[in-house]
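Chain by chain, the residues:
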Amino acid sequence: MSTDEILSFEEAMEKYDPVLGFEVHVELNTKTKMFSSAPNVFGDEPNTNVNEVDLGMPGVLPVVNKTAIESSIKIGLALNCKIAESCRFARKQYFYPDTPKNFQTSQYDEPIAYDGYLDVELEDGTVFRVEIERAHMEEDAGKLTHMGGATGRIQGADFSLVDYNRAGVPLVEIVTKPIEGAGSRAPELAKAYVAAVREIVKNLGVSDAKMERGNVRCDANVSLRPHGRERFGIRSETKNVNSLRAVEHAVRYEIQRHAAVLDSGAPVIQETRHWHEDTRTTTSGRAKSDADDYRYFPEPDLVPVVASREWVEELRATLPEPPAERRKRLKADWGYSDLEFRDVVNAGVLDEIEETIAAGASASVARKWWMGEIVGRAKAADVDPGQLGVEPATIVELAQMVEAGKINNKMATQVLDGVLAGEGTPAEIVDKRGLAVVSDDGPLLEAIDAALAAQPGVADKIRAGKVQAIGAIVGGVMKATRGQADAGRVKELILEKLGVTV
């Protein structure tokens with residue numbers, strides 16, 4: 001894989017002004033597909049959730065999914081969009097193995113929602129308004145798995161397998177207007193914008209919004225122009241980026257790459273790019289097609305979608321509280337400080353903490369585990385916290401074990417490591433590893449005697465009133481028991497043995 005020349009980010013910002021644009025694809029969680037009765041289920045055996053409509057067999061006719069239309073309208077309303085009173089579908093022509101009909105049923109010049117905006121909060125509380133061009137309905141393509149080769153991509157593969165389970169799954173594509181003025185905060189804004197969209201669609205209940213499954217995917221457009229120039233530069237589009245950190249890194253990399261190309265005097269090529277998480281680089285995909293290349297024309301087999309004002313207002317009345325109001329309520333309910341809550345939001349674990357509290361943990365315990373353990377491990381692995389796959393119920397189970405005295409905090413972190421390694425549930429890992437707290441006085445007293453014998457001067461210090469010196473003995477006992485002693489009981493036994501009252 002060839003490596004492009006790049007400038008440092010700081011040098012790129014000194015010379016150029018970035019202009020961004022995002023196309024976020026949201027898979028809807030309807031029971032059936034957009035135009036057929038085939039199930040919309042993730043993770044089933046390949047090519048089991050398909051029927052003749054999905055495969056474009058001769059003589060079949062599509063039937064639009066009403067729930068998908070309702071979900072699309074809700075998304076449009078949540079993005080402060082206008083809802084079209086009438087809109088229609090169009091055929092987008094392209095030939096690729098994951099599109100069995102040789103066209104995608106989408107919307108072109110008549111989207112269901114248009115002219116909206118989303119206020120995005122950055123890490124320091126700054127609010128940046130992103131203008132929404134449109135949100136339109138379409139169907140997803142199938143999924144190709146490239147076999148052979150070292151990268152899992154089509155380049156170098158021996159052959160490809162196609163799974164049509166995803167073909168026809170309802171999608172809403174949210175397209176921004178060009179985003180100007182972000183400057184050096186462009187990568188941060190990219191991450192925050194996609195996070196905000198994900199929060200909205202999950203809050204609406206219209207999508208599972210799991211980026212690791214491809215429920216939310218982002219195409220990130222980047223162009224640069226010299227400071228002071230109004231005309232936009234040539235853009236590139238990094239396709240199907242499916243994590244928040246990757247969106248941020250991809251935008252940052254493309255800014256650096258564009259700057260190096262412009263500095264060399266060469267033209268930027270308008271093209272799609274592939275993101276490589278392992279190297280945090282992009283590589284060239286194909287020349288970017290304009291709308292004319294897709295030969296759009298109205299879908300002849302579907303009637304226009306008419307959204308009466310009464311229907312739109314009925315759907316508006318069902319919308320949940322807006323994300324900003326939800327965050328304000330959760331902060332008050334949980335009793336977090338401004339800094340604690342902002343850290344939770346910036347770490348991207350607001351939903352996980354809410355689900356953990358709903359599963360039975362206290363607000364403080366949920367924050368301790370997600371912010372103190374999960375986020376740290378995610379940073380070390382260079383992934384988003386949600387990509388680690390830790391379920392809220394797992395955190396609750398760990399916290400309950402600690403509270404019941406079955407394991408201590410140190411053991412609990414070992415159990416968490418076991419969960420992440422796929423060793424089983426917390427209870428199973430405790431049994432397999434023998435990680436039970438030692439609270440039986442017999443073994444503890446033996447360990448205490450040994451620790452006192454090894455440090456004879458400590459007992460005199462404790463008797464003389466320097467009770468903090470007990471930590472040395474407790475440490476010796478914990479070492480002897482491999483961290484499995486009940487520290488509280490150890491302290492009690494030491495004080496009893498030395499005849500000290502506190």
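Quick note: structure is the one above.
Summarised in this report is the structure supplied together with it. (Residues numbered from 1 in each chain as written. Predicted model: local features only at pLDDT ≥ 70, side-chain atom pairs only at ≥ 80, totals over all residues. Heavy atoms only, no water.)

Some remarks on the overall build of the chain
Helix and strand content of the chain: 16 helices and 16 strands. Overall size of the chain, expressed as C-alpha extent along the three principal axes, is 90 × 55 × 50 Å. For the chain, with 502 residues in total, the buried portion stands at 47%. Of the contacts formed within the chain by residues at least 6 apart in sequence, a portion of 69% connects residues at least 24 apart. Of the roughly 24,000 Å² of accessible surface on the chain, 51% is carried by carbon and sulfur atoms. Taking the average place of the 60 positive charges on the side chains of the chain and the average place of its 80 negative ones, the gap between the two points comes to 3 Å. (Helix = DSSP H or I, 4+ residues; strand = E, 2+ residues; numbered from the N terminus. Buried < 20%, exposed > 50% of the residue type's maximum accessible area, 1.4 Å probe, protein only. Contact = heavy atoms within 4.5 Å. Areas by Shrake-Rupley, 256 points an atom, 1.4 Å probe, with all protein chains shown as cover. Lys, Arg positive; Asp, Glu negative; His and termini not counted. Charge placed at Lys NZ, Arg CZ, Asp CG, Glu CD.)

Quick word on the packing of aromatic side chains
Each aromatic ring pair is summarised here by two numbers: the centre-to-centre distance and the angle between the ring planes. Tallied over the entire structure, the rule returns seven aromatic pairs. Ring plane angle 70° and centroid distance 6.3 Å describe the contact between tyrosine 94 and tyrosine 294, whose orientation is recorded as edge-to-face. Remark: tyrosine 294 occurs in the loop between strand S14 (281–287) and strand S15 (297–298) and tyrosine 94 occurs in the loop between strand S4 (90–93) and strand S5 (103–106); sequence separation between them is 200 residues. Considering the side-chain rings of tryptophan 334 and tyrosine 336, the 5.4 Å spacing of their centres and the 55° angle between planes classify their relative orientation as tilted. (Phe/Tyr/Trp six-rings, centres within 6.5 Å; stacked < 30°, edge-to-face > 60°.)

Examining the environment of valine 216
You can see valine 216 is positioned in strand S11 (residues 216–226). What makes valine 216 buried here is its relative accessible area of 0%. Taking the C-alpha atoms as reference points, valine 216 and alanine 450, 234 residues apart in sequence, are found 58 Å from one another. Setting aside residues up to four positions removed in sequence, valine 216 forms contacts with Val24, His25, Val194, Arg198, Val201, Ala209, Lys210, Met211 and Asn242.

Here's the deal with the state of the cysteines
If you walk through the whole model with that rule in mind, you get zero disulfides. Left without a disulfide partner, cysteine 81 is nearest to the cysteine sulfur of cysteine 87, which lies 13 Å away. Unpaired in terms of disulfides, cysteine 218 finds its nearest cysteine sulfur in cysteine 81, a separation of 16 Å. (Disulfide = S-S within 2.5 Å.)

A few points about the sheet that holds S4
Taken in spatial order, the three strands line up as S5-S4-S15 in an open sheet, and their pairing is antiparallel. Looking at strand neighbours, the two that pair on one side only are S5 and S15, the edges of this open sheet. Of the strand pairs in this sheet, S4 and S15 are connected by two bridges, and their pairing is antiparallel. Bridge pairing in S15 links alanine 90 to proline 298. (Pairing = 2+ DSSP bridges.)

Points about the nonpolar core
Judged by nonpolar contacts, the single largest core of 73 residues is most densely connected at Ile174 and Tyr193. Per-element accounting of this core gives the leading share, 11 residues, to helix H3 (residues 186–204). Of all hydrophobic cores here, the second largest spans 31 residues; its members include Leu350, Trp369, Leu416 and Val430. (Core = buried A, V, L, I, M, F, W, Y, C linked by side-chain atoms within 4.5 Å.)

As for the packing of helix H2 (residues 66–78) against H3
At a closest axis distance of 10 Å, the pairing of H2 and H3 adopts a crossing angle of 130°. As the angle between them shows, H2 and H3 are arranged oblique. The hand of the H2/H3 crossing is right-handed. Residue-level inspection shows Lys74, Ile75 and Ala78 of H2 in contact with H3, the latter providing Ile200, Val201 and Leu204. When its residues are assigned to classes, the contact of H2 with H3 shows five nonpolar, no polar and one charged. (Axes fitted to C-alpha atoms, helices over the stretch in contact; angles between N-to-C directions. Parallel < 35°, antiparallel > 145°, perpendicular 65-115°, else oblique. Left-handed = near helix turned anticlockwise from the far one by under 90°. Nonpolar A, V, L, I, M, F, W, Y, C, P; charged D, E, K, R; others polar.)

Describing helix H7 (residues 338–347)
Along H7, the residues that are buried comprise Phe341, Val344 and Ala347. Each buried residue of H7 sits inside an arc of 130° when the element is viewed along its axis, so together they form one side. What points out from H7, more than 90 degrees from its buried face, is the exposed set Asp338 and Leu339. In the core, the buried residues of H7 are packed alongside helix H6 (323–334), helix H8 (350–358) and helix H9 (363–381). Once H7 finishes, glycine 348 follows within two positions and takes phi at roughly 75°, a positive value. (Arc of directions from axis to C-beta.)

Quick look at the side chain of serine 207
For serine 207, the position within the fold is in the loop between H3 and S11. Take serine 207: its relative accessible area is 3%, and that puts it in the buried class. Looking at serine 207, its side chain comes within polar contact range of the main-chain oxygen of glutamate 27, at 2.7 Å. Separated by 3.0 Å, the side chain of serine 207 and the backbone nitrogen of alanine 209 make a polar contact. (Polar contact = N/O pair within 3.5 Å; in protein donor to acceptor, adjacent residues only side chain to side chain.)

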